[in-house]
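As a plain string of letters, each chain reads:
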Amino acid sequence: MSRDIAHLLPQRAAILRVQRTGNGHGGYAENLVPLARNVPCRVGSASLNRFSDIDGRLATDPTRAAYFRPGQDLQPHDRIEVAGQRMVVQAIERQADGVYLKAFLSDELVPLP
C-alpha cells in the first residue's frame, strides 16, 4: 500500500530559511534564503489560540496547521509562502509512522511586497 499523500496536498509552497551573516560591527543581518519552491502542502484555515500576556491580559494569536510530505526539510522560524501569503513556522510535529509532517504556522506581520 502506497503512503504517498501528494493527492491530499493541493497547494504549492515556497520555503525560505533565515540566514544570519555578520555585519562587521559585532552584529548580524538576517536574510531569507529560498530553500525549496513548488512544495506540495495543505495549509488550513486560521484558528485563534488564547493566552495571557506578561501582564495577565488575555490575548489571541491566529495559528494554522499545515501538512507536508514526510521528510520535508522544515524547521521552526522558516517562512512558508502560499498563494501570496507569508507565514512563520512555529513548531513541527513529525508523525511516528512517517505518513506526513505537520507544521504549526503563524501569519508574518510584515506584508509581502
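What counts and what doesn't
Residues numbered from 1 in each chain as written. Predicted model: local features only at pLDDT ≥ 70, side-chain atom pairs only at ≥ 80, totals over all residues. Heavy atoms only, no water. pLDDT = per-residue confidence, 0-100. Helix = DSSP H or I, 4+ residues; strand = E, 2+ residues; numbered from the N terminus. Buried < 20%, exposed > 50% of the residue type's maximum accessible area, 1.4 Å probe, protein only. Contact = heavy atoms within 4.5 Å. Pairing = 2+ DSSP bridges. Polar contact = N/O pair within 3.5 Å; in protein donor to acceptor, adjacent residues only side chain to side chain. Phe/Tyr/Trp six-rings, centres within 6.5 Å; stacked < 30°, edge-to-face > 60°. Core = buried A, V, L, I, M, F, W, Y, C linked by side-chain atoms within 4.5 Å.

1. Some thoughts on the confidence of the model for the protein
Then comes step 1: When pLDDT is averaged across the protein, the result is 83; 80% of the residues are at 70 or more.
Then comes step 2: Ranking the elements of the protein by mean pLDDT puts strand β3 (residues 47-52) last, at 66, and strand β5 (residues 79-82) first, at 95.

2. Describing the environment of Asn-31
Then comes step 1: When you line up the elements, Asn-31 lands in strand β2 (residues 28-43).
Then comes step 2: Overall, Asn-31 belongs to the partly exposed group, its relative accessible area being 39%.
Then comes step 3: For the pair formed by Asn-31 and Gln-19, sequence separation is 12 residues and the distance between their alpha carbons is 5.3 Å.
Then comes step 4: Among residues more than four places away in sequence, those in contact with Asn-31 are Arg-17, Val-18, Gln-19 and Thr-21.

3. Concerning the pairing of β5
Then comes step 1: In this sheet, β5 lies alongside strand β1 (residues 11-22) in antiparallel orientation, the contact comprising 4 bridges. Residue pairing in the sheet places Ile-15 in a bridge with Ile-80 of β5.
Then comes step 2: Note: β5 against strand β6 (residues 85-94), 4 bridges, orientation antiparallel. From the neighbouring strand, Val-82 faces β6, where its bridge partner is Gln-85.
Then comes step 3: What sits between β5 and β6 in their antiparallel hairpin is a turn of 2 residues, with Ala-83 showing a positive phi close to 50°.

4. A few points about the side chain of Arg-79
Then comes step 1: Within the secondary structure layout, Arg-79 lies in strand β5.
Then comes step 2: Separated by 2.5 Å, the side chain of Arg-79 and the backbone oxygen of His-77 make a polar contact.
Then comes step 3: Setting aside its immediate chain neighbours within four residues, Arg-79 contacts Ala-14, Ile-15, Leu-16, Val-18, Leu-32, Arg-86, Met-87, Val-88 and Glu-108.

5. Examining the packing of aromatic side chains
Then comes step 1: Under the criterion given, the structure shown has 1 aromatic pair.
Then comes step 2: The interplanar angle of 70° and the centroid separation of 5.3 Å between the aromatic rings of Tyr-67 and Tyr-100 together place this pair among those described as edge-to-face. Placement of Tyr-67 in strand β4 (residues 58-68) and of Tyr-100 in the loop between β6 and β7 (101-107) is noted, with a sequence separation of 33 residues between them.
Then comes step 3: On the basis of relative accessible area, Tyr-67 is assigned to the partly exposed category, the value being 25%.
Then comes step 4: Assessed through its relative accessible area of 27%, Tyr-100 is described here as partly exposed.

6. Examining the nonpolar core
Then comes step 1: Counting 15 residues, the largest nonpolar core has Val-43, Phe-68, Leu-74, Ile-80, Val-82 and Leu-105 as its most contacted members.
Then comes step 2: At the level of elements, β1, β2, β4, β5, β6 and β7 are the ones that each hand at least two residues to this core.
Then comes step 3: Beyond its immediate stretch of four places on either side in the chain, Val-43 contacts Gln-11, Arg-64, Ala-65, Ala-66, Val-82, Met-87 and Leu-105.

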